[in-house]
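Geometric and topological summary
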Amino acid sequence: MCGRFVQKSPANQLASFFDIKGPVPNFAPRYNLAPTQDAAVVVAGGDGRRLEIKKWGLIPAWSKEGKAEFATFNARAESVREKPTYRQAFQKRRCIVPADGFYEWTGPKGDKIPHLFERQDGTPLALAGLHETWRAKDGAETIHSFTIVVTAANQWMSRFHDRMPVILDPADFDAWLTGNAEPAATLLHSAPEETLKERVVPKLVNSVKNEGAELLAGVN
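Presented here is a report on the structure given in the accompanying data block. Predicted model only: the values in this text are computed from it and were never measured.

1. Quick notes on the packing of aromatic side chains
- Evaluated as defined, the whole model comprises 12 aromatic pairs.
- On the basis of an interplanar angle of 70° and a centroid distance of 4.9 Å, the ring pair of phenylalanine 5 and tryptophan 56 is categorised as edge-to-face. Of this pair, phenylalanine 5 sits in strand E1 (residues 5–7) while tryptophan 56 sits in strand E4 (residues 48–56), and the two are 51 residues apart along the sequence. Taken individually, phenylalanine 5 and tryptophan 56 each receive the classification buried, so the pair is uniform in this respect.
- Of the aromatic side chains, those joined through ring pairs into one cluster are Phe5, Trp56, Phe73 and Phe146.
- It is arginine 94 that lies over the ring of phenylalanine 90; its NZ or CZ is 5.5 Å from the centre.
- Stacked on the ring of tryptophan 176, the Lys or Arg arginine 94 has its end atom at 5.5 Å from the ring centre.

This is the structure:
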């Protein structure tokens, strides 16, 4: 799964890497993003890719109360095409979640050790996602939300967790964002073994209340 991630690259760098067209929103660097919080995501627009701010935790458009009935910050790749919560979004509203890294934990309850996972080549991670827009019937509220698609961990990642986010290569960005559903489904696999690197980071990460660059400091 992917329950916490880093999004610290400046907006202009993300715009360049993801070939964003049009205005880029302002957002602060985040070192401990958690579900229900806002993050920048890449979506397809009529004139090219756009960078938009959305809430982490997908709310289906058909939800009566504007909230999910269960945790929707991750969508399982194995069922994303059939599950009612994600089915329409997978068909029509796929997105990319830029991340500088994501966290997973090992160790016993009460003494969890946080690990940060980044790309070996130092470029941003492009996590496969889905997005939705929910609108209240009276028009009083609109919520733009997203989820991150996860799949079975590759052998290297399985030392830390049995799941991992689907990581897209730049060559597959268009196929994921604007391609037909069937070709997009072929991208729902674990990353090659050499994609990621790992390091232990301070236990400050364990609390969602903590935020800042010190969360990425090395641990001896």
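2. Details of the nonpolar core
- Phe90, Ile96, Leu130, Leu168 and Trp176 are the most contacted members of the largest nonpolar core, which has 29 residues in total.
- Those elements that provide at least two residues to this core are helix H1 (11–17), strand E3 (38–45), helix H2 (84–92), strand E9 (125–135), helix H3 (173–178) and helix H4 (181–185).
- The residues contacting leucine 168, other than those within four sequence positions of it, are Ile96, Arg119, Ala126, Ala128, Phe173, Trp176 and Leu187.

3. Comments concerning the side chain of glutamine 7
- Examined against the element boundaries, glutamine 7 turns out to sit in strand E1.
- Exposure remark for glutamine 7: the relative accessible area of 3% places this residue in the buried category.
- A distance of 2.8 Å separates the side chain of glutamine 7 from the backbone oxygen of proline 98, its partner in a polar contact.
- Dropping the residues within four chain positions of it, glutamine 7 is found in contact with Phe27, Ala28, Pro29, Arg30, Leu33, Ala39, Ala40, Pro98 and Asp100.

Rules used in this analysis
Residues numbered from 1 in each chain as written. Predicted model: local features only at pLDDT ≥ 70, side-chain atom pairs only at ≥ 80, totals over all residues. Heavy atoms only, no water. Phe/Tyr/Trp six-rings, centres within 6.5 Å; stacked < 30°, edge-to-face > 60°. Helix = DSSP H or I, 4+ residues; strand = E, 2+ residues; numbered from the N terminus. Buried < 20%, exposed > 50% of the residue type's maximum accessible area, 1.4 Å probe, protein only. Lys NZ or Arg CZ within 6 Å of the ring centre and 35° of its normal. Core = buried A, V, L, I, M, F, W, Y, C linked by side-chain atoms within 4.5 Å. Contact = heavy atoms within 4.5 Å. Polar contact = N/O pair within 3.5 Å; in protein donor to acceptor, adjacent residues only side chain to side chain.

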